[in-house]
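Per-entry structural report
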Amino acid sequence: MHIYRIIASICLTLVGLGIQAQDRTSLPAAPNIIVILADDLGYGDLGGFFGGKAQTPHLNRLAAEGMLFTDFHSNGAMCSPTRAALLTGRYQQRAGIEDPLPGDWQKKGVGAIKGIAGDGLYSSPTMADYLKRVGYATAFFGKWHLGNHPSANPLHFGFDEFRGLTSGDGDYFTKMDRHGYPDWWHNEELSFQKGYTTDVITDNGIQFIEKHKNQPFFLYLAHLGVHFPWQSPDDGHLETRKEGTDYTSSQPGPASKLGPHAPAEIPDALVAMIETLDRNVGKLLAYLKAEGLDRNTLIFFTADNGQYLSYQGDTWPAVGSNGVLRGEKADLYEGGHRVPSIAWWPGKIRAGSRSKATLASFDLLPTFLDLTDQPLPDPEGVDCLDGQSFLSVLLSGKVMPERTLFWRTPEAIAVRKGPWKLLEDREKGSLALYNLERDLSETRDLKPDHPQLVRELIRARDAWEKEMDKKP
């Protein structure tokens, strides 16, 4: 047995043992589950704990009534990789998705989560697949970004219903992608919905709950907000995308993929977008409470990666905030993948609690398996999970067993163990060691002081890469 699998198996066993009997007996038989994924939301973008400029009273309330995570990470530093890891509970490298998938319209060969070239040689069950097996109604509303081709449609990955866009971004009003194609679907048919995208996604979610509130449901709301084009709800009178026009330019002006605003206007537009996202979280919460569904519903709010601080250097000099964290979207500094995250479940998660547990997107799936009393896949089988359940953290505030986590992009790789993070920039040929407990902003390279630890983390990195790069 590979040493990495041995470690994973032991850790999964320990986590499972951490759920005490009294925790389980107090759980509803089949709690509803809602995952809300924001897009490009930085660690310093939200108000409240995160200190951002946006007023986010509903997310603040979610945290006040639930658990706020200070060390939660997206598995990727950009869109598609995190989405693959979240849905499968596995490192996205196992599916060959290490970069955002291309937006080439209907390009065959990107059958998301199906492995090399999307040929169907390998297929991982998704979060929706597992929950559907035990009677959940499942729906996906929002940004998919795991393949445009019909073979990659969410309906093929465990979801009963899909409304939203398949590409990486779309106009918030006309629902056109950056290549000038209509990209708003209902299941497998183009079906335009009028309205601002963030509002439409939430309304679709509420309508789905209304239809399925008498049975357990799993709802995945993957918001486009606050990804570009940077358009607030009040910007419908400005330039919007039109069919047949190319919007791949990243320069300011007409037909820019970044939207209708001048660079100096972006920070204010982004704040308005964040506040709209917050308002929609509030709308969903109000509906759940009005229907008496709140105490049997777990909500997990997180993001797919960190925020842009700027875009193309001085072209767009100011965008959003990652707070005290170094780096931005696409980086493997903390600003690229440490994201604001909150869990809410009245009566089950202690109100006002905070967790310092080091967690990542792929931990959600095993947590939901634990929550619904489903066995974890065979750690030696083709569907073995890389994530671990943190249900004991949610219910009892327990400590996660120590483990080693990895992030990799085509340009860099990072290894995290306890407070230590080894970061290799493969483009620049640099290697640095940081202690995040003492230096969250990653300003002091401690590599010269800890040669043995560096060697240990390099060995772990090499073993992990060998495991991830095996052909299915």
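Throughout what follows, the structure given in this document is the object of discussion. (Residues numbered from 1 in each chain as written. Predicted model: local features only at pLDDT ≥ 70, side-chain atom pairs only at ≥ 80, totals over all residues. Heavy atoms only, no water.)

**Here's the deal with the sheet that holds strand 6 (residues 185–186)**
The condition that has to hold: Here, strands pair whenever DSSP counts at least two bridges between them. Secondary structure elements follow DSSP: runs of H or I no shorter than four residues count as helices, runs of E no shorter than two count as strands, and numbering proceeds from the N terminus. The contact rule is simple, with two residues in contact once any of their heavy atoms fall within 4.5 Å. The convention used is that axes are lines fitted to C-alpha atoms, helices contributing only their stretch in contact, and that angles between N-to-C directions extend from 0 to 180 degrees.
Sheet architecture is open: 10 strands sit in the order 7-6-5-4-8-1-9-10-2-11, paired in mixed fashion. Lying at the two open borders of the sheet, with one neighbouring strand each, are strand 7 (189–190) and strand 11 (353–355). With two bridges joining them, strand 5 (residues 161–165) and strand 6 adopt antiparallel strand pairing. Bridging from a neighbouring strand, R163 pairs with H186 of strand 6. Packed onto the sheet, helix 3 (residues 57–65) meets strand 2 (67–69), strand 9 (297–303) and strand 10 (341–344) and runs at close to 60° relative to strand 10.

**Some words on the pattern of salt bridges**
Operational definition: In the sections that follow, a salt bridge refers to a side-chain nitrogen of Lys or Arg positioned within 4 Å of a carboxyl oxygen of Asp or Glu.
Inspection of every chain in the model, using the stated rule, returns 34 salt bridges. Two residues, R426 and E424, come together in a salt bridge whose shortest N-O distance is 3.4 Å.

**Structural notes on the packing of aromatic side chains**
Defined as follows: Between the rings of Phe, Tyr and Trp (Trp by its six-membered ring), a pair exists once the centres lie within 6.5 Å; its type follows the angle of the planes, with under 30 degrees stacked, over 60 edge-to-face, and the other angles tilted. The cut-offs for exposure are 20% and 50% of the maximum accessible area for each residue type, with area from a 1.4 Å probe on protein chains only; residues under the lower value are buried, those over the upper are exposed, and the others partly exposed.
Evaluation of the coordinates by the stated rule reveals 30 aromatic pairs. Between F159 and F218 the ring centres are 6.1 Å apart and the planes differ by 25°, which places this aromatic pair in the stacked class. With a gap of 59 residues between them, F159 in the loop between strand 4 (137–143) and strand 5 and F218 in strand 8 (residues 217–222) connect regions that are remote in the sequence. Classification of F218 by relative accessible area gives buried; the value is 0%. Taken together, the ring pairs connect F140, W144, F157, F159, F162, F218 and Y220 into an aromatic cluster.

The quantities given are spatial measurements derived from coordinates; they are silent on function.
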